[in-house]
Amino acid sequence: MAFDIEMIKKVYAGMTSRVDAARKIVGKPLTLTEKILYSHLWDGVAKQAYGRGVDYVDFAPDRVACQDATAQMALLQFMHAGKKTVAVPTTVHCDHLILAKNGAESDLAVANKQSKEVFDFLSSVSDKYGIGFWKPGSGIIHQIVLENYAFPGGLMIGTDSHTVNAGGLGMLAIGVGGADAVDVMSGMSWELKFPKLIGVKLTGKLSGWTAPKDVILKVADILTVKGGTGAIVEYFGEGATSMSCTGKGTICNMGAEIGATTSTFGYDDSMRRYLTATGRQDVVDAADEVASYLTGDPEVYADPAKYFDQVIEINLSELEPHINGPFTPDRGTPVSQMKAEAAANGWPIKVEWGLIGSCTNSSYEDMARAASIVNQAVEHGISPKAEFGINPGSEQIRYTIERDGIIATFEKMGTKVFTNACGPCIGQWDRAGADKEEKNTIVHSFNRNFSKRADGNPNTHAFVTSPEMVAALAISGRLDFNPLTDTLLNDNGEEVKLTAPYGDELPSKGFDVEDAGFQAPAEDGSGVQILVSETSDRLQLLAPFEAWDGKNITGAKLLIKAFGKCTTDHISMAGPWLRYRGHLDNISNNMLIGAVNAFNQKTNSVKNQLSGAYDAVPAVARAYKAAGVPSIVVGDHNYGEGSSREHAAMEPRFLGVKAVLVKSFARIHETNLKKQGLLGLTFANEADYDKIQEDDTINFTDLVDFAPGKPLSIEFVHADGSKDVILANHTYNASQIGWFVAGSALNLIAAEAS
Ligand code: MIC
Ligand code: SF4
């Protein structure tokens, strides 16, 4: 499990010379983001000040991390790359496939049985290719990365959108699809559009009920779910240095919810404390030698407007606790306004469940602060009005909070302690009664609250807030309870006012753990056998997608015109479907079943143009595929928002969809489409979305001239014979066009390896 201090020292050694060179070339002071990017250029030298938001640039990441749900596809692809071992340090984490039901012990045993085949597969592939393997129950990928592998100034990628969490330790950590991870694991460069820079200046200091979570809830409210697209967010100022390292992690983590490429903070004392507490004094020593390279230049922070594309300022001393939701993480309501908002919108006031956990908010400090509220309730004889569940972020955190009495405090209130895993955050929650689809409210400390995400019930109104606010709202049982001003009645009918939460940033007695759950790979994995049964319904070896035939796509049918929000949860739902993440054919049966059909406003009901009948989206796609008819998908803004799961791109590819034409894309999803050999296109004129009709037949007229920077013309022939010709923009560069031509990026790697 040991982190690689030699690798880190090497990064730092290269960093000083590269950053100095970059500063000369660019001729101005540098942000932290630029320092990390310039020092991780694939070709080693900063040749130019890259066009922000335009140029694709090749980078050399230091690490890769994968979680079980995405690792299956990533590793199935890696097995085709023809390599003996991974080229950069890589870990796999089993955290998504554990259903929360009765509590950690029995839930973990059930998962180990039900997903044995998948865990065994991941463990043996890891063993074979030199990958560190974190067993089920060891914790959530991003907490484990923060505790063990993240380091200031590093660049890592991970097959999960919340990889960005490691920005809390001064890294640039970026979520990608499995195919991108395969490139880096195979020793190739990794390509990213040079990001725009957003600076967030934090003045003042957090106090009372306000927590780091409120910073990102506020930022999400300001920037919305797409405001960070194509940008890296860099936080600085006295408010930044005065908060804990795991608090910074929370802020960076939820930066995924504004579409940001990633977020980061400059190296400071909070990071030194955290590194030391997690046994990494040697990283502190190495980082201290290059400390000025691990934060933005002082000139930048003194005059941010000159160096960032956009600057936001938030005064933490004035920031109120926020409650964001329902159904989207960017709808922010300050606690003082919740009474009015909830009443005006008809949100159910009664809180049924309070859930604390997820990679966003499951640190020692989070648990300690929430427990301090629970403790007050217990001491004052207040019975909680809602049910309560927690998922500790890692076994190290769980062991330590158990030792320190924090779990015992939660248990006094009847809290269910679920496995150290994602659990309800990703729909792995067997919530009693959810199938009745009753309108209800839950509050949680997670990052996403899209419809159906936690319990599959479209009428569950999920609100995102800090762990301490979750505790307060769950105890009061009311969404509109304001702990700053309101009182609660205890069991004797006396009024009690909760005092502000308190929790140690780090355990005063240090972290402790008996078995962290790590398995090191074999020294020589060449003899390790990987077995995938042909009859398995969980795992399926991949067959390469066919190459482009060099012709225009013609006679295609419209599969669906998706209306409004279409996140990766709408395109490839998680929850019960997570079990098929390693089986492309089976998981394709969830393709776009959550997307709303613009023509009838229904989900999973689209017209099969061959038969005229309405059917489920995957069924219609399979019918077109069987008939040899290509299809296309049309969508709205920020299509593919949310997860990094490449299944959202592989499923359409597998079911014969040739192009996805939308008003705009979320970054990771757009790349995933390109990697899998699909056409990801945007309307040159957004209003053209309205021209597309249900019975359209679609012809590309100049795909044969597909070239960088050149829009494509697409003909939509309507049922009455009339037609509209629409211009579609794309962002494919020459090598990405090569992926399309080859049928997928992996086809190219495999061809080169053979
Ligand atoms: C999520 O939070 O949506 C997930 C599940 O962690 C995903 C990854 C996945 O779909 O497996 C993510 O955020 O990338
Ligand atoms: Fe797991 Fe939820 Fe974090 Fe995704 S957001 S990694 S599902 S805890």
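Residues numbered from 1 in each chain as written. Chains lettered and ligands numbered in written order. Predicted model: local features only at pLDDT ≥ 70, side-chain atom pairs only at ≥ 80, totals over all residues. Heavy atoms only, no water.

Draft legend 1. Representation of the overall build of the protein chain. Secondary structure summary: the protein chain contains 25 helices and 31 strands in total. Projected onto its principal axes, the C-alpha coordinates of the protein chain cover approximately 75 × 60 × 55 Å. Considering the protein chain as a whole, with its 754 residues, one finds that 63% of them fall into the buried category. In the protein chain, the proportion of contacts linking residues at least 24 apart, taken out of those at least 6 apart, comes to 75%. (Helix = DSSP H or I, 4+ residues; strand = E, 2+ residues; numbered from the N terminus. Buried < 20%, exposed > 50% of the residue type's maximum accessible area, 1.4 Å probe, protein only. Contact = heavy atoms within 4.5 Å.)

Draft legend 2. Structural detail: the site of ligand 1. Lining the immediate surroundings of ligand 1 are 14 residues, of which Asp160, Ser161, Arg453, Ser643 and Arg645 lie closest. In this structure, Ser161 approaches ligand 1 through a side-chain N or O atom, which is 2.5 Å from an oxygen atom. Between an oxygen atom of ligand 1 and a side-chain N or O atom of Arg448, the distance comes to 2.8 Å. Of the residues that constitute the shell around ligand 1, the class distribution is 2 nonpolar, 7 polar and 5 charged. (Near = heavy atom within 4 Å. Polar contact = N/O pair within 3.5 Å; in protein donor to acceptor, adjacent residues only side chain to side chain. Nonpolar A, V, L, I, M, F, W, Y, C, P; charged D, E, K, R; others polar.)

Draft legend 3. Summary view of the sheet that holds strand β11 (residues 310-315). Read from one edge to the other, the open sheet built from 4 strands follows the order β10-β9-β8-β11, with strand pairing classed as parallel. Across the chains shown, the open sheet's two edge strands, defined by having one partner strand only, are β10 (262-265) and β11. Between one strand axis and the next, the sheet turns through 20° on average, direction left out of account. One ladder, built from 6 bridges, connects strand β8 (residues 196-203) with strand β9 (residues 231-236); its direction is parallel. Residue pairing across strands places Ile198 opposite Val233, the latter belonging to β9. Helix α8 (residues 212-223) contacts β8, β9 and β11 of the sheet and is inclined by roughly 135° relative to β11. Along the sheet, helix α10 (residues 245-253) makes contact with β9 and β10, crossing β10 at roughly 155°. (Pairing = 2+ DSSP bridges. Axes fitted to C-alpha atoms, helices over the stretch in contact; angles between N-to-C directions.)

Draft legend 4. Representation of the site of ligand 2 within the structure. Near ligand 2 the following residues occur: His96, His142, Asp160, His162, Ser358, Cys359, Cys422, Cys425, Ile426, Asn447 and Arg453. A per-class count over the shell around ligand 2 returns 4 nonpolar, 5 polar and 2 charged.

Draft legend 5. Layout of the pattern of salt bridges. If you walk through the whole model with that rule in mind, you get 37 salt bridges. Across the pair Lys116 and Asp120 runs a salt bridge whose closest N-O atoms are separated by 2.6 Å. Residue Lys116 and its partner Asp120 are both found in helix α5 (residues 116-129); the two are separated by 4 residues, about one turn of the helix. On the basis of relative accessibility, which here comes to 46%, the residue Lys116 falls in the partly exposed class. With a shortest N-O distance of 2.8 Å, Asp288 and Arg272 are connected by a salt bridge. Of this pair, Asp288 sits in helix α12 (residues 281-289) while Arg272 is found in helix α11 (residues 269-277), placing the two residues 16 residues apart along the sequence. Residues joined in a network through salt bridges with shared partners are Asp20, Arg23, Lys35 and Asp297. (Salt bridge = Lys/Arg side-chain N within 4 Å of Asp/Glu carboxyl O.)

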